[in-house]
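Structural characterization, general
One letter stands for each residue in the lines below.
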Amino acid sequence: MDQSETTAKEQEALKEFKDRVSDLLTSQDDYSLSKWLKARNYDVSKAEAMFRTSMAYREKMKVDSLLTDYKPPVVLKKYMSGGTCGHDKEGSPVRIELFGQMDMKGLMYSARKADMEKVKLKQCEGHLKDWEEMSKKLNRRVDGLVVIFDMDDVSSKMLWRPGLQMYMNLVRVLEDNYPEMLKKMFVINAPRIFPLLYKICRPLISQDTKNKIHVLGSDYSSTLLKYIDAEELPAFLGGKKTDPDGNPRCETLICQGGPVPEEYYLNDTESSEHMETATVARGDKLAIDVVVAKPGSVLRWEFKTDGYDIGFGIFRNEGTQQAPVVPVERVNSHMVPEDGSYPCDVAGTYTVTFDNSFSWARDKAIQYVLEVIQPIDKTDETEIKNMLDNIGTWEGIRSGGSDVDQLTTKM
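Residues numbered from 1 in each chain as written. Predicted model: local features only at pLDDT ≥ 70, side-chain atom pairs only at ≥ 80, totals over all residues. Heavy atoms only, no water.

**Re the packing of aromatic side chains**
On inspection of all chains with the given rule, the structure shows 15 aromatic pairs. Taking 5.7 Å as the distance between ring centres and 45 degrees as the angle between the ring planes, the aromatic pair formed by Phe354 and Tyr368 counts as tilted. Placement of Phe354 in strand β12 (residues 348-355) and of Tyr368 in strand β13 (residues 364-373) is noted, with a sequence separation of 14 residues between them. Taken together, Trp301, Phe303, Phe312, Phe354 and Tyr368 form an aromatic cluster joined through their ring pairs. Above the ring of Phe358, the side-chain terminus of Arg330 is found at 3.8 Å from the ring centroid. (Phe/Tyr/Trp six-rings, centres within 6.5 Å; stacked < 30°, edge-to-face > 60°. Helix = DSSP H or I, 4+ residues; strand = E, 2+ residues; numbered from the N terminus. Lys NZ or Arg CZ within 6 Å of the ring centre and 35° of its normal.)

This is the structure we're talking about:
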């Protein structure tokens, strides 16, 4: 099929799409409407369904008034890391995501899902406004969003699946309501844990988004400067942009995130929906066997208790014996939810133990989740290699530093 045929079919699809959604159209031009078609490979029925769902969602979330009327909760303003800072050489806004500084668990315990979505929607509405302003300034259409995804200081806590799912849900807010907004994403400071994180998130990432991801590792400045002028790139990323006081991290534009103080935690968040529940009788133990099929897998846990502490430990079954791999210790999981991970270099059955044998007076109600993250396979490895920029190397990512080195040495 030649280009003229493709264009004719696209124009025909656009005409049909406009006819189908004419009851919802306001000021959208053909260029903007064509994005919905492109996002659904010019399947008019799917594009219509996407558009109608988005319009209903926008009405529900009062998107049209977010920029002027919505005030995010203080905890999100202070700790939801990232910010828009500068423009690329074509005028597109550049957003810096400090993923390693985002305490997703703390945010989920401190804010509603709807508020986190509204913050993301407000960001996207800000990008639309920025496009309008830059289009007038440059006297040509400006479009697209460049994201610099900084994984510096990423730790094993980022393997917490509910947090990753929440983060990816926020990404989908962009994809489902602002089609074709993402222009390019640069993943920088990609640590050794990156392949495992990618494995978890891979099913939640659209193919279009995957094609726009470039993994740079720690040697990224020269590549970023190919697309972004030094005056528009924060100094801590290799550019010249700083705060008025010379701060290279541009903190007036980029929220630095960090651990969320417990004083912000809410009592009735939705963060427990993914957990199992059980009661450990007084003077007793609860033992849960977890089968690890492949060496190099990671055993993850999270739990909390109602009102009182409990003992926690993990054993690896060796015939009739059990070898402790995480020694049993009493933890104050009634105060702050406990979570962690253990790299299983040996396949087999592991026994997770909740120990209440020290208490002869009280049963302990617990909520918990246990999961095994499989090591990456050839499909994951191939996809990650395809995303590597020419200055990055697979070996460089796998040998990267940080406190997660021990977690993936057997990967």
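**Considerations on the sheet that holds strand β6 (residues 276-280)**
Read from one edge of the open sheet, 4 strands run β6-β13-β8-β11, paired in antiparallel fashion. In the strand order of this sheet, the two ends are held by β6 and β11 (338-344), each with one partner. Looking at each pair of strands side by side, their axes are set apart by 30 degrees on average, direction ignored. Bridge analysis of strand β8 (residues 297-305) against β13 gives 8 bridges, and the strand direction is antiparallel. (Pairing = 2+ DSSP bridges. Axes fitted to C-alpha atoms, helices over the stretch in contact; angles between N-to-C directions.)

**Considering helix α12 (residues 378-387)**
Within the span of α12, buried status applies to Asp380, Glu381, Glu383, Ile384 and Met387. Taken end-on, α12 shows its buried residues confined to a sector of 165 degrees, consistent with a single buried face. Exposed residues on α12 whose side chains face more than 90 degrees from its buried face are Lys378 and Asn386. (Buried < 20%, exposed > 50% of the residue type's maximum accessible area, 1.4 Å probe, protein only. Arc of directions from axis to C-beta.)

**Details of the pairing of strand β10 (residues 321-331)**
Note: strand β9 (residues 310-318) against β10, 8 bridges, orientation antiparallel. Bridge assignment links Glu318 to a residue of β10, and that residue is Gln321.

**Considering the pattern of salt bridges**
Think of it this way: side chains of opposite charge can pair up when their charged atoms draw near. Under the defined criterion, the tally for this structure stands at 26 salt bridges. We note a salt bridge from Glu90 to Lys183, for which the minimum N-O separation is 2.5 Å. One end of the pair, Glu90, is in the loop between β1 (83-87) and β2 (93-98); the other, Lys183, is in strand β4 (residues 182-188), and 93 residues separate them in sequence. Taking the shortest distance from any N to any O, the salt bridge between Lys364 and Asp309 comes out at 3.9 Å. With Lys364 in strand β13 and Asp309 in the loop between β8 and β9, the pair connects residues that are 55 residues apart, well separated along the chain. Here Lys364 and Asp309 have matching classes, each one buried. Look at the salt bridges and you will find they share partners, linking Glu16, Arg20, Asp23, Glu48 and Arg52 into a network. (Salt bridge = Lys/Arg side-chain N within 4 Å of Asp/Glu carboxyl O.)

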